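Structure at a glance
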Amino acid sequence: MTVNPQDIKAFPTVFGRDLLAEVPNFVASPFLVVTMEDLWPHFEAQFPRDTPVWFVRSMERSDLEASLPQIQPYSSVIGLGGGQAIDAAKYFAWRLGLKLHQFPTSLSVDAMYGQRSGVRDNQIVRYVGWAIPECIYFDYGILEATPKHINHAGIGDVFCFFTGVWDWQYADQIGRCEPRWPYNEGLASHSLKLAEAALQGKQAIHDLTPAGINLIIDAFKWGGASYHGTGWCPRHIEGVEHFIFYALEARTGIKFLHGQSVCLGLIAGAMMHDRRAEELRQAVAQIGVDIRPESMGLTWEDVDATLHGLRAFVRENNLPYGIAHDFPVDRTFLDHLRRSVEGS
């Protein structure tokens, strides 16, 4: 795999204020806004009266497919919200050949920088489709109004570069790398560089200064663009931490704040690798992400059962080989994780 990280380019991105008000002046009509029901009252006044809206209530692929007849009359689709709205908009743009414009309302997930949509097939996450936005618009006013803990959660899709690369290195060391994704030091090093920069800039990320926001978005750009730019290789950008998130969602049916559950998986995965777990736990806490199960509607019994079943889950779902395939989760490990997460 001979890929130069400098050759991988992200989608066009614009930062500004009052960007939504300009939508009627440049988005091809008729357009449809794809968003969440609880978000729409905050933004409705910035659109023309009677703007058509589609509310995301499910990311099951069958439900999205069933909605396609309602979407067909439109020329453009606008994703307005977090990961689910962004991904649903991508799905509709792909299936119906619509122009796509993305307006993330938070930094909670890197979905805006990927071509594929994270849909669910019987509650299992699958990345499908191909949609390239005309542009991604970050409105400072919208980001500033978003509860800080939601923006803070975006660090999950940055620090996951650590455990993703460690998983790749582990697979390489034991000869279990997939032939299509042989270990690539250049990709791994670039991911680790971005993750280390975010770790060093954790105070700026907590404060959501322009510098802190840029640290997150620079990593998001790399994560999304390099997934496609390396021939759909996920090895340098995600691993055990996301597999734990997938397994938790599949077991419980809970729709998590993405980065929050990924950060819980990050700490568990770092412990499995026996690498920098306490340093990362402290950084996640300092940035402002609560990874206690009860903060996500979970119990420790949910977490324990998910981790006990993790080896079977990653094998059944043919996930890239990593520490989760081999690590023996036992009571000692689970008790250690609980003490770490609870800070005791």
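Below: a short report on this structure. (Residues numbered from 1 in each chain as written. Predicted model: local features only at pLDDT ≥ 70, side-chain atom pairs only at ≥ 80, totals over all residues. Heavy atoms only, no water.)

1. Observations concerning helix α3 (residues 61-71)
Among all positions of α3, only Leu64, Ser67, Leu68 and Ile71 are buried. Summarising the axial view, the buried residues of α3 lie within an arc of 140 degrees, below the 170-degree limit, and thus occupy one face. Away from its buried face by more than 90 degrees, α3 exposes Ser62, Ala66 and Pro69. In this fold, the buried residues of α3 make contact with β2 (31-35), β3 (53-55), α4 (83-96) and β6 (117-121). (Buried < 20%, exposed > 50% of the residue type's maximum accessible area, 1.4 Å probe, protein only. Helix = DSSP H or I, 4+ residues; strand = E, 2+ residues; numbered from the N terminus. Arc of directions from axis to C-beta. Contact = heavy atoms within 4.5 Å.)

2. What to know about the nonpolar core
Formed by 83 residues in total, the largest nonpolar core has its most connected members in Phe159 and Leu307. Beyond its immediate stretch of four places on either side in the chain, Phe159 contacts Ala195, Ala198, Leu199, Leu266, Leu280, Ala283, Val284 and Ile287. Listed in part, the 37 residues of the second largest apolar core include Leu39, Leu98, Cys135 and Ile142. (Core = buried A, V, L, I, M, F, W, Y, C linked by side-chain atoms within 4.5 Å.)

3. Things to note about unusual backbone geometry
Note the cis peptide between Ser29 and Pro30, where omega equals -5 degrees. Within the secondary structure, Pro30 sits in the loop between α1 (23-26) and β2. The phi dihedral of Arg276 falls on the positive side, at around 60 degrees, and the residue is not glycine. Mapped onto the elements, Arg276 comes out in the loop between α12 (258-273) and α13 (277-287). Residue classification places Arg276 among the partly exposed positions, given a relative accessible area of 31%.

4. With respect to the environment of Val329
Following the sequence through the fold, Val329 ends up in the loop between α15 (310-316) and α16 (331-341). Residue classification places Val329 among the buried residues on the basis of a relative accessible area of 15%. Residues Val329 and Gly309, spaced 20 residues apart in sequence, show a C-alpha to C-alpha distance of 8.8 Å. The residues contacting Val329, other than those within four sequence positions of it, are Met272, Leu307, His308 and Leu334.

5. Some remarks on the pairing of strand β7 (residues 124-128)
Relative to β7, β6 runs antiparallel, the two sharing 5 bridges. When the bridges of β7 are listed, Ser117 appears paired with Val128. (Pairing = 2+ DSSP bridges.)

6. Brief notes about the packing of aromatic side chains
Evaluation of the coordinates by the stated rule reveals 16 aromatic pairs. Taking 4.8 Å as the distance between ring centres and 90 degrees as the angle between the ring planes, the aromatic pair formed by Trp54 and Phe92 counts as edge-to-face. Taken together, the residues Trp54 in strand β3 and Phe92 in helix α4 connect sequence positions 38 residues apart. Residue Trp54 shares its accessibility class with Phe92, and that shared class is buried. Between Tyr91 and Trp94, the ring centres sit 5.5 Å apart and the planes meet at 75 degrees, which makes this aromatic pair edge-to-face. Here Tyr91 and its partner Trp94 are both found in helix α4, 3 residues apart, which amounts to about one turn of the helix. Looking at Trp94, the relative accessible area reads 30%, which means it is partly exposed. Put simply, the rings of Phe15, Tyr113, Phe138 and Tyr140 touch in pairs and so form one group of aromatic residues. One cation-aromatic arrangement involves Arg116 over Trp232; the distance from NZ or CZ to the ring centre is 3.8 Å. (Phe/Tyr/Trp six-rings, centres within 6.5 Å; stacked < 30°, edge-to-face > 60°. Lys NZ or Arg CZ within 6 Å of the ring centre and 35° of its normal.)

In short, the description is geometric, and any link to function would need to be established separately.
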